[in-house]
Amino acid sequence: MLMNAIGLSEFGGPEVLKLMQLEKPAPGEKQVLIRVQGVSVNFADLQTRKGSFHGSGAVFPIVPGLDAMGVIETVGSQVTGIKEGQSVISFPHSGTYSEYVVADENLVFPIPEEIGFEQAAACPIVSFSSHMLLNKVAKLQGGETLLIHAAAGGIGTTAIQIAKSMGAGLIVGTVGSSEKIQEAMQAGADAVICHQTEDFVAKVNEFTGGKGADVILDALGGTYTTRGMDCLAHYGRMVVFGNASGSYSDVGTRLLHSSCRSVLGYSSVTTRKMRPEWYADTAADVIRLMASGKLDLKVSRVLSMENAAQAHELIESRKVTGKIVLKV
């Protein structure tokens, strides 16, 4: 049986994303088949489209997408704890720009009725990643100062809210244009720096009386990582989880040992493969925050799956804030 999907048969710009028909997947013994209702569009999807995730060894066609929300249609023979007909969010192994996906039982999480379509579809990658970045990796403590780059984006606005719920002290964001300052402020940031017109290192040190930030969440890489070391406090932790600037940075060990600072890495894909239990640890808290309204995902657009190319164009324009959701 065939299903509709958005995929690519070559790497390139948004125009390579095409509507195609692929074989409908079947779940294994410990897996579930999900009828997809919504998918969040993430920066990693753009990297998939360009070949950054697959390289020369890619097998086409490739379907982008890291997460999905929908309804369980079929459960494997050894699945327990979840059942057909439940609304869930999930982290499937295959791309999610499609009508159906298969996911392992331990990466599927039922959601209550209080969480509406847009919130549920937008939340998986950004909310789980933000929670793990702050709790599992950076181990943010109450009262600590947090610096978040790309603070008006999906993870940025989500991490601000989760950090607030954890009792963070001063929360500072950086954005690429003055038009995005308000988005980060509305999410709960205490101060926002436009790094195109202001020196974020000088401003963070000014805000903290020269101490620097205790935690830096860095999705930009490149010079932002290098310069971030100049405003990272003693015993501070910088978490690098992307390279949206287009490059990475080398950090010398001489900058670490005497100051007791750390540079850490995080990847949602690697964590899904090697530490899936982190997702289970995170799910209950994320779902609780969303159901109670304490975590409000910022959704900028809801587009049909057939308009995936437009979604990619919008993200690459850097003119959108918050999340874009594809409705299947």
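Residues numbered from 1 in each chain as written. Predicted model: local features only at pLDDT ≥ 70, side-chain atom pairs only at ≥ 80, totals over all residues. Heavy atoms only, no water.

> I'd like a rundown of the packing of helix α2 (residues 117–137) against helix α8 (residues 277–291), residues and numbers included.
At a minimum axis distance of 9 Å, the contact between α2 and α8 shows a crossing angle of 120°. Taken together, α2 and α8 sit at an angle that is classed as oblique. Helix-helix and strand crossings are classified by hand; for α2 and α8 the assignment is right-handed. Where α2 approaches α8, its residues Gln119, Ala120, Cys123, Ser127, Phe128, His131, Met132, Lys136 and Val137 are matched on the opposing element by Trp278, Tyr279, Asp281, Thr282, Ala283, Asp285, Val286 and Met290. A breakdown of the residues in the contact of α2 with α8 according to their chemical character gives 10 nonpolar, 4 polar and 3 charged. (Axes fitted to C-alpha atoms, helices over the stretch in contact; angles between N-to-C directions. Helix = DSSP H or I, 4+ residues; strand = E, 2+ residues; numbered from the N terminus. Parallel < 35°, antiparallel > 145°, perpendicular 65-115°, else oblique. Left-handed = near helix turned anticlockwise from the far one by under 90°. Contact = heavy atoms within 4.5 Å. Nonpolar A, V, L, I, M, F, W, Y, C, P; charged D, E, K, R; others polar.)

> So what's going on with the nonpolar core? Residues and values would help.
Counting 56 residues, the largest nonpolar core has Phe128, Leu217 and Tyr266 as the members making the most contacts within it. Listed by contribution, the elements that provide at least two residues to this core are α2, β8 (146–148), α3 (154–165), β9 (171–175), α4 (181–187), β10 (191–194), β11 (213–218) and α8. Residue contributions to this core peak at 11 residues, all from α2. Non-local contacts of Tyr266, meaning those with residues more than four positions away in its chain, are made with Ser129, Met132, Leu133, Val137, Val239, Val240, Phe241, Thr271, Trp278 and Tyr279. Judged by nonpolar contacts, the second largest core, of 34 residues, contains Val16, Leu22, Ile34 and Ile62. (Core = buried A, V, L, I, M, F, W, Y, C linked by side-chain atoms within 4.5 Å. Buried < 20%, exposed > 50% of the residue type's maximum accessible area, 1.4 Å probe, protein only.)

> Help me get a handle on the side chain of Thr96, residues and values and all.
Relative to the helices and strands, Thr96 is located in the loop between β5 (87–90) and β6 (100–104). Its relative accessible area of 0% is what places Thr96 among the buried residues. In contact with Thr96, not counting residues within four places along its chain, are Val36, Val39, Val63, Pro64, Gly65, Leu66, Asp67, Ala68 and Val101.

> Kindly report on α3, identifying the contributing residues and their values.
An ideal rise of 1.5 Å per residue puts 16 Å on 12 residues; α3 measures up with 17 Å between its terminal C-alpha atoms. Of the positions making up α3, those classed as buried are Gly154, Ile155, Gly156, Thr157, Thr158, Ala159, Ile160, Gln161, Ile162 and Ala163. (Expected span 1.5 Å × (residues − 1).)

> So what's going on with α2? Which residues, and what values?
If you check α2, its first and last C-alpha atoms are 29 Å apart, about what 21 residues at 1.5 Å a residue would give, namely 30 Å. Most of α2 sits inside the fold, with 17 of its 21 residues counted as buried. Phi turns positive, to about 55°, at Lys139, one or two residues after α2.

> Go over the sheet that holds β9 with me, naming the residues and quoting the values.
In any sheet, the strands associate via hydrogen bonds between backbone groups, in a parallel or an antiparallel arrangement. Here we have 6 strands laid out as an open sheet, ordered β10-β9-β8-β11-β12-β13, and parallel in their pairing. In this open sheet, the two strands that pair with only one neighbour each are β10 and β13 (262–265). Each strand axis lies, on average, 20° off the axis of its neighbour in the sheet, ignoring direction. Bridge analysis of β8 against β9 gives 3 bridges, and the strand direction is parallel. Note on β9: the bridge partner recorded for Ile148 is Gly173. Across the face of the sheet, helix α5 (residues 200–207) comes into contact with β8, β9, β10 and β11 while running at roughly 160° to β10. (Pairing = 2+ DSSP bridges.)

> Outline the packing of aromatic side chains, supporting the account with residue identities and numerical values.
Per the stated rule, a full pass over the model turns up 7 aromatic pairs. Considering the side-chain rings of Phe109 and Phe128, the 5.6 Å spacing of their centres and the 35° angle between planes classify their relative orientation as tilted. Highlighted residues: Phe109 in strand β7 (residues 108–110) and Phe128 in helix α2, separated in sequence by 19 residues. By the burial criterion, Phe109 is buried, and Phe128 matches it. It is Lys24 that lies over the ring of Tyr100; its NZ or CZ is 4.2 Å from the centre. When the ring centre of Phe117 is taken as reference, the NZ or CZ atom of Lys327 above it lies at 5.6 Å. (Phe/Tyr/Trp six-rings, centres within 6.5 Å; stacked < 30°, edge-to-face > 60°. Lys NZ or Arg CZ within 6 Å of the ring centre and 35° of its normal.)

> Explain the packing of helix α1 (residues 43–50) against helix α9 (residues 308–317) to me, using residue names and the numbers behind them.
With their axes 10 Å apart at the nearest point, α1 and α9 run at an angle of 110° to one another. By the criterion of interaxial angle, the relationship of α1 to α9 is roughly perpendicular. On α9, the residues that touch Asp45, Leu46, Arg49 and Lys50 of α1 are His312, Ile315 and Glu316.

> Tell me what's going on with the pairing of β6, and back it up with residues and numbers.
Across the 5 residues of β6, 4 count as buried, placing the element largely inside the fold. Looking at chain direction, strand β3 (residues 31–41) and β6 are connected through 5 bridges and run antiparallel. Paired with Gln31 across the two strands is Asp104, which belongs to β6.

> Residues and numbers for unusual backbone geometry, please.
For the peptide bond that leads from Phe60 to Pro61, omega is -5°, which places it in the cis range. The backbone of Tyr235 shows a phi angle near 65°, a positive value even though the residue is not glycine. Tracing the backbone shows Tyr235 in strand β12 (residues 232–240). Here the phi dihedral of Cys260 falls at roughly 60°; this positive angle occurs in a residue that is not glycine. As for its placement among the helices and strands, Cys260 is situated in the loop between β12 and β13. The exposure class of Cys260 is partly exposed, given its relative accessible area of 34%.

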